[in-house]
Amino acid sequence: MRIQTGDNVGIGGFIITGNAPKHVLLRAIGPSLTNLGVPDALADPVLELHGPGTFITITNDNWRDDPAQEVLIKATGIPPTNDFESAIDATLVPGAYTAVVSGKNNTAGVGLVEVYDLNREDSSRLANISTRALVSTGDNIVIAGFMLGSHSGNDRVVVRGLGPSLADAGVANALNNPILELRDGNGTLLMANNDWQDSPAQAAALTAAGLAPTNFLESGIAATLSPGVYTALLAGLNNSTGIGLVEVYDLGP
């Protein structure tokens, strides 16, 4: 996503369900995106983790700042590759959490916020991830990737692209008509949706899951997917721009 300042920082949400604490790693990536050919990468991301109730906010600038955290992050096997990038290793009780990514000293650029489930065998689940950001055009649409890999069979997911309903929640400059694409790890288009009621079968599946968007201009996709890497792309119809939200819900096998 393109990370700016003020209300246009990058916001990644996730929900942990179940009864047991969940071990996760959060990363805020910027400089290393340049090596992947991403232009205007965020030079120095800062990561904040916010949680429910009395949860004390955790903040990290550079992932090696805290020696104890550095050891834990290295032990995951997926530490950031650039010292200016951010990471937080945490064990979290079930609930809703928010990862906020900004640029140090109010800088802007293209960044990536990630959450990894480090203990997929326990009884809790990483049941939802979401990203709220400014949806622009071209390379600056919002791209949400997710991996399904903790099982051998197919998994049911719902992907939603929200915009107009954000205005009802007080979000300024909400995307007025989101469009959504779901692609596999090779970039092949699997499904696309403009308005979630366009397909009666899809509308019925979204409604049955209790995840029908509240505005008819918003987008939704229900799919059964095999283990692998997937990407949800959120853009505005006719190259419109604004603040949008892309969500992925794991409904289980």
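Scroll up to find the structure this text is about.
Asker: Help me get a handle on helix H1 (residues 67-75), residues and values and all.
Answerer: If you check which residues of H1 are buried, you get Gln69, Glu70 and Ile73. Around the axis of H1, the buried residues are gathered within 105 degrees of arc, so they sit on the same side. For H1, exposure combined with an orientation more than 90 degrees from the buried face picks out Pro67, Val71 and Ala75. Those residues of H1 hidden inside the fold are in contact with strand E3 (22-29) and strand E6 (86-92). Residue aspartate 66 occupies the N-cap position of H1, its side-chain oxygen lying 2.9 Å from the main-chain nitrogen of alanine 68.

Asker: Hey, could you go over the nonpolar core for me, with residue numbers and the actual values?
Answerer: One recurring pattern in soluble globular proteins is that nonpolar side chains are buried together. Within the largest apolar cluster, 37 residues are counted, with the highest numbers of intra-cluster contacts made by Phe14, Leu49, Leu92, Leu225 and Val246. Leave out the neighbours within four places in its chain, and phenylalanine 14 touches Leu26, Leu49, Leu92, Gly95, Ala96, Tyr97, Val115, Leu126, Asn128 and Ile129.

Asker: So what's going on with the pairing of strand E14 (residues 189-193)? Residues and values would help.
Answerer: Side chains on a regular strand alternate between the two faces of the sheet. As paired strands, strand E13 (residues 178-184) and E14 are joined by 4 bridges and run antiparallel to one another. Directly across from leucine 182, in E14, lies its bridge partner methionine 191. Hairpin geometry of E13 and E14 is characterised by an intervening segment of 4 residues between the two adjacent antiparallel strands and by a positive phi of about 85 degrees at glycine 187.

Asker: Requested: an account of the sheet that holds E13, with residues and values cited.
Answerer: As summarised here, the arrangement of the 4 strands in space is E11-E16-E13-E14, forming an open sheet in which the pairing is antiparallel. The open sheet has two free edges, formed respectively by strand E11 (142-148) and E14, since each of these has just one partner strand. On average, each strand axis in the sheet is inclined to that of its neighbour by 15 degrees, with strand direction left out of account. The pairing of E13 with strand E16 (residues 228-236) spans 7 bridges and is classified as antiparallel. When the sheet's bridge partners are listed, isoleucine 179 is paired in E16 with alanine 235.

Asker: So, the pairing of strand E7 (residues 95-103): which residues are in play, and what are the values?
Answerer: Across 7 bridges, strand E2 (residues 10-17) lies against E7 in antiparallel orientation. Directly across from glycine 13, in E7, lies its bridge partner threonine 98.

Asker: Residues and numbers for the pattern of salt bridges, please.
Answerer: The full count for this structure, using the stated rule, is 10 salt bridges. Across the pair aspartate 61 and lysine 104 runs a salt bridge whose closest N-O atoms are separated by 2.9 Å. Residue aspartate 61 is located in the loop between strand E5 (58-60) and H1, and its partner lysine 104 is located in the loop between E7 and strand E8 (109-110); the two are separated by 43 residues in the primary sequence. With a relative accessible area of 17%, aspartate 61 lands in the buried category. Classification of lysine 104 as partly exposed rests on a relative accessible area of 34%. Ionic pairing is found between arginine 160 and glutamate 247, a salt bridge with its closest N-O pair at 2.7 Å. Placement of the pair is arginine 160 in strand E12 (residues 155-162) and glutamate 247 in strand E17 (residues 242-252), with a sequence separation of 87 residues. For glutamate 247, a relative accessible area of 8% corresponds to the buried category. Taken together, the shared-partner salt bridges connect Arg64, Glu70, Lys74 and Asp83 into one network.

The rules behind each value
- Residues numbered from 1 in each chain as written.
- Predicted model: local features only at pLDDT ≥ 70, side-chain atom pairs only at ≥ 80, totals over all residues.
- Heavy atoms only, no water.
- Buried < 20%, exposed > 50% of the residue type's maximum accessible area, 1.4 Å probe, protein only.
- Helix = DSSP H or I, 4+ residues; strand = E, 2+ residues; numbered from the N terminus.
- Arc of directions from axis to C-beta.
- Contact = heavy atoms within 4.5 Å.
- Polar contact = N/O pair within 3.5 Å; in protein donor to acceptor, adjacent residues only side chain to side chain.
- Core = buried A, V, L, I, M, F, W, Y, C linked by side-chain atoms within 4.5 Å.
- Pairing = 2+ DSSP bridges.
- Axes fitted to C-alpha atoms, helices over the stretch in contact; angles between N-to-C directions.
- Salt bridge = Lys/Arg side-chain N within 4 Å of Asp/Glu carboxyl O.

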